[in-house]
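# Analysis of the macromolecular model
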Amino acid sequence: MNTEDRIWNLVIKKLTHEASEQELQELAILLSENPDIDDSVNLMLKWWQPQTEQTQEGYSYFLFKKILNRIKEAETKLPLTNLSQETKAGNFEPGFKKKALSNPINHFVSHITMIKNYLKIAVRQLLKQKMYAAIKVGGFALSIAACLLIALYIREELSFDKSYPDADSIYRIVGIYNMDNIHEKGVDWPAVMGRTMKTDFPEVEKFGRLMPNSLFWGAGSNELKRSDAPENTHEEGFVYADQSLLDILKLPMIYGDRAHALAEPLTMVISKSKADKYFPGQNPVGKVMYLNNNKSKPYKIGAVMQDIPTTSHLHEYNFFLTLAGVEFWNGEQTTWQASNYRIYVALKPETNMAQFNKKVTDGIINNYYIPDMIKSGDKNASKIKNALTMRVQNVEDINLRSYDIHDGMSHGDIRFIWLFGAVAGFILLIACINFINLSTAKSANRAKEVGLRKVVGSQRSGLIQQFLTESLLYSFFSFALGLILAVILLPYFNMLASKSLTIPWQQWWLLPTVLVSAVIIGVVAGIYPAFYLSGFKPAEVLKGKLSSGSKSSGLRNGLVVFQFTTSIILIISTFIIYNQMQFILNKKVGFEKDQVVMIQGTNTLDNEVKNFKEELLKLPAVKSVSISDFLPVAGTKRNGNPFYNEGKVKTETSVGGQFWDIDADYIKTFGMKLVAGRNFNPAMKTDSQAVIINQTLAKRLNLKNPVGKRISNGGDPMLVIGVVQDFNFESLRDGIEPLVLHLSNSNSIVSVKVKTGDMKNTLAEITRTWKSFSPNQPIRYTFMDERFASMYADVQRMGRIFTSFAILAIIIACLGLFALAAYMAEQRSKEIGIRKVLGASIGNITTLLSLNFIKLVFIAIVIASPIAWWAMTKWLQDFTYRIPIGWEVFVFAGIVAISIALLTVSFQSIKAAIANPIKSLKSE
């Protein structure tokens, strides 16, 4: 029996005249040692003044008869008017004579006094139960910090592309292609389509084109310098754009006139940060810059725009090159056979989007695409008519709703937003469960307080307000600590999510949002304990019939199961994501990506690039060198071509695939394997019209013995001299596409296969060789294996975030489990003492206290496993190459969960088992 219980038992004996002199002395000593309880006891004793009537010795229920008599006496002395007024006002407590609240000021003061008293009691309770309070506040604070971080992440993702003044009327055109088990979405269209839409569809007010395809000179990355500077600087983020695109997006300008910034040929718009870099403190409008040392195309700066915010799908672009006067080849601006442009349109406000989508699909496909294909003899025309549809996508949806669209941009995923939002909700719910569990488990400790307060006149509504006040106090403390934790953890979270999030302290809505959230969470977490605790019947409490909070044990068990179900789902998901990433990064992809150094920007060497290659081959650490910017990693060149068997251009359906320009050492450098035929031989002039194809293209073209056959991509037939074994050159989310390798120049990247050993000195030697060819341009290189891994950076980020949240959820769940185990050990201390006296071992007692919790974890495993299996099966569907979900994953997660629960509970169980039984039995 704890001290508080002992005090109230002695008080009851004193009131019923059953206390001995020794017990009265003990009561006085205990009250002097516990002044917080002394106030309540004195109030009770002061109000209760025994009358002269004879008491019934040994009959404790006589206390209640006396109390009822006192209440009746007090009620008969109250004036009727006061009684009725107080009852109507809801301020009447039986047994007490109150003054009528004659004015609102008195009413307000009364409420302030009541709230002050509630807060005083709440603080006392918090200080009295330090461990349980720390677990409640700590669990809440951790969950609130996690929710705040996730809320910042979601807020930024939802804010994308809202900075454009007319964002609600700006759209880009998306194509949806479904044919022969190929399901794709893309945004690349012919150059002529924007003008056609403006002419044919009155709903289109303006159109603008964006051309980011690095296949064409100037787009992508370049070596850039001022016209009067000797040294080049590598820059990313070049894109071709129409003047009308600036008008549609209304990008703000720092210098120059937006209306004419890209109106003239060979003009460019640069960002403010790049202007400060190349022209510090100057207005650079009218200045000239060179791309890749090409002085035949001097670009004049037409304007300087504000840096595009990071919350824009165009934020990676710092240089807009004009499309005025541009034609990449003869007829490129009028053909429907090449698609390299993104089309943006400004639509009239009254446009019906569903009708417009159908109208555009019918108009463009039937009136332009199909007739052009029929005219060229393409047998795909009839299929394309049914396979291709078009729709418009609002610019505000591009970031989160383009996860299945091939646009070459990095953007978010609405599925992650829902996922992380759900995780945040579950973590907060787990903390609320801890609060409810501990509040109901400790109910016996508050029972006598509730019983006596009801006896002396407290109403249930007042008790509910008291317990909700305690809950709100915990919530406010938790939010304060949670904000501090969020500030501390924000740099780590930014690293995990590859973000630069900040807490918006300057925003007016932050403090009100935090306060309202604290109130809502405090009420939600405390409302059940408040109604539960305030519902105790005083007669049962003071007679000792309350069963130590066990009435809600079923609810507590259910909540513990929910906590661990959530935690186990996160454990399983994290384990599968990790295994999938290891599978991808270590899978044999058909080429050697390790020990390959990719030197970039070598196109500035012009004709010297081959000499640079020969000098690299002289280095003892270099095994092989290849010149090509078509590489099997992200960020390198890609294209698309239709392929046919010789003579079948007008009779067979084409097979789409890649057409890469490589050199003769390409296959050797990347360790690819020829399964038929031979490699290129530069000494044979005919090899310039020869090709090597991969196995997938051979299958698609039904070539059983491809070597010696001829294929075409619409031009002259090309002789197949070899077949290379299939290798993955795109993300493993997708399958292997058809591929044709062609002997030609493509010289912006030189790949160097080096021997294992001293990489530092090897890189130093490569750098010295580079400087001998290009002293005014710093060398840039990356490792192919790192570029390969970067293709899966989004999945790796998700895995790291999942792991962090899984650990956090487990910690919060274990805090609650730890506190419940401590409470159960406390409640069963006498039982444990008796068992030890009768010979029970430490192991017996530990098992007794731990077994119930382990059963709950087993139930959680059974519930969590099918849910996690379903969720991860859906996630893995995004990958063409994926791991199987085996039974060992669930066994592993179950062992982890049981081990964590066992370690958490065993600490308290062993502590109770090794305690001296005399301490728990001495009061009996």
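Notes on the structure follow. Keep in mind the model is a prediction, meaning the values are calculated, not measured.

Right, let's talk about the nonpolar core for a bit. Core analysis: the largest hydrophobic core is formed by 124 residues, its most contacted members being W660, L741 and F805. The leading source of residues in this core is helix α24 (residues 793-827), at 17 residues. Counting the residues that make up this core, at least three belong to each of domain 3 (414-544 + 553-584 + 791-922) and domain 4 (596-788).

The next thing to look at is helix α27 (residues 887-913). The periodicity of an α-helix, 3.6 residues per turn, causes residues three or four places apart in sequence to face the same way. Across its 27 residues, α27 extends 37 Å between first and last C-alpha, which sits within 8% of the 39 Å expected from 1.5 Å per residue. The sharpest bend along α27 reaches about 30° and sits at S906.

Here we come to the side chain of K587. If you trace the backbone, K587 turns up in the loop between α18 (553-586) and β13 (596-600). Look at K587: it is buried, it has no salt bridge, and the nearest opposite charge is D726 at 10 Å. Residues within four places of K587 in sequence aside, it is in contact with K593, N728, L732 and Y881.

What follows deals with the packing of helix α15 (residues 460-497) against helix α16 (residues 510-534). One way to put it is that α15 packs onto α16 with a least axis distance of 7 Å and a crossing angle of 140°. Between α15 and α16, the angle is such that the two are oblique. Handedness of the α15/α16 crossing: right-handed. Its residues placed into classes, the contact of α15 with α16 shows 19 nonpolar, 6 polar and 1 charged.

Most of strand β18 (residues 690-694) is tucked away, with 5 of its 5 residues classed as buried. Burial along β18 is two-sided: the face carrying A690, I692 and N694 and the face carrying V691 and I693 are both buried. Bridge count between β18 and strand β20 (residues 718-724): 5 bridges; the pairing is parallel. The residue of β20 that forms the bridge with A690 is L719. Relative to strand β21 (residues 739-743), β18 is paired through 3 bridges, and the arrangement is antiparallel. Bridging across to β21, I693 finds its partner in V740.

Strand order in the open sheet made by the 4 strands is β14-β22-β13-β23, with antiparallel pairing throughout. Edge positions in the sheet fall to β14 (622-627) and β23 (780-783), since each has one partner strand and no second. Ignoring which end each strand starts from, the neighbouring axes of this sheet average 25° apart. Two strands pair when backbone bridges link them, and β13 and β23 are joined in this way by 4 bridges, in the antiparallel orientation. The residue of β23 that forms the bridge with Q600 is R780. Packed on one face of the sheet, helix α19 (residues 609-617) meets β13, β14 and β22 (749-754) and runs near 170° to β14.

The general pattern is negative phi for most residues beyond glycine and trans for most peptide bonds. Here K250, not a glycine, exhibits a phi torsion of approximately 55°, which is positive. Residue placement: K250 occurs in the loop between α9 (243-249) and β6 (253-255). K250 sits in the partly exposed class, given a relative accessible area of 30%. Phi at D606 is positive, roughly 55°, even though this residue is not glycine. By secondary structure assignment, the location of D606 is in the loop between β13 and α19.

Our next topic: the pattern of salt bridges. Under the criterion given, the structure shown has 26 salt bridges. The salt bridge partner of D404 is K185, with a shortest N-O separation of 2.9 Å. Of this pair, D404 sits in the loop between β12 (388-394) and α13 (414-441) while K185 sits in strand β2 (residues 182-186); the two residues are 219 residues apart in sequence, bridging distant segments of the chain. Assessed through its relative accessible area of 32%, D404 is described here as partly exposed. In this structure K185 comes out as partly exposed when scored by relative accessible area, which is 23%. When salt bridges that share partners are traced, they join E156, E157 and K499 into one network.

Next up on the list: a nonpolar patch on the surface. A grouping of F476, L511, L515, V519, V523, I527, Y528, F531 and L555 is seen on the molecular surface, where their side chains present a nonpolar patch of about 720 Å² in accessible area. Take the nonpolar patch: its biggest share by element is 7 residues, from α16. In this fold, L555 is placed in helix α18. A residue is classified by how much of its surface remains accessible, and L555, at 35% relative accessible area, is partly exposed.

Cut-offs applied
- Residues numbered from 1 in each chain as written.
- Predicted model: local features only at pLDDT ≥ 70, side-chain atom pairs only at ≥ 80, totals over all residues.
- Heavy atoms only, no water.
- Core = buried A, V, L, I, M, F, W, Y, C linked by side-chain atoms within 4.5 Å.
- Buried < 20%, exposed > 50% of the residue type's maximum accessible area, 1.4 Å probe, protein only.
- Helix = DSSP H or I, 4+ residues; strand = E, 2+ residues; numbered from the N terminus.
- Domains from an automatic or database assignment.
- Expected span 1.5 Å × (residues − 1).
- Bend = angle between axes of the 7 residues up to and from the residue.
- Lys, Arg positive; Asp, Glu negative; His and termini not counted.
- Salt bridge = Lys/Arg side-chain N within 4 Å of Asp/Glu carboxyl O.
- Contact = heavy atoms within 4.5 Å.
- Axes fitted to C-alpha atoms, helices over the stretch in contact; angles between N-to-C directions.
- Parallel < 35°, antiparallel > 145°, perpendicular 65-115°, else oblique.
- Left-handed = near helix turned anticlockwise from the far one by under 90°.
- Nonpolar A, V, L, I, M, F, W, Y, C, P; charged D, E, K, R; others polar.
- Pairing = 2+ DSSP bridges.
- Patch = residues over 30% accessible without salt bridge, like charges linked within 9 Å, V, L, I, M, F, W, Y side chains within 5 Å.
- Areas by Shrake-Rupley, 256 points an atom, 1.4 Å probe, with all protein chains shown as cover.

What is shown is where atoms sit, not what they do.
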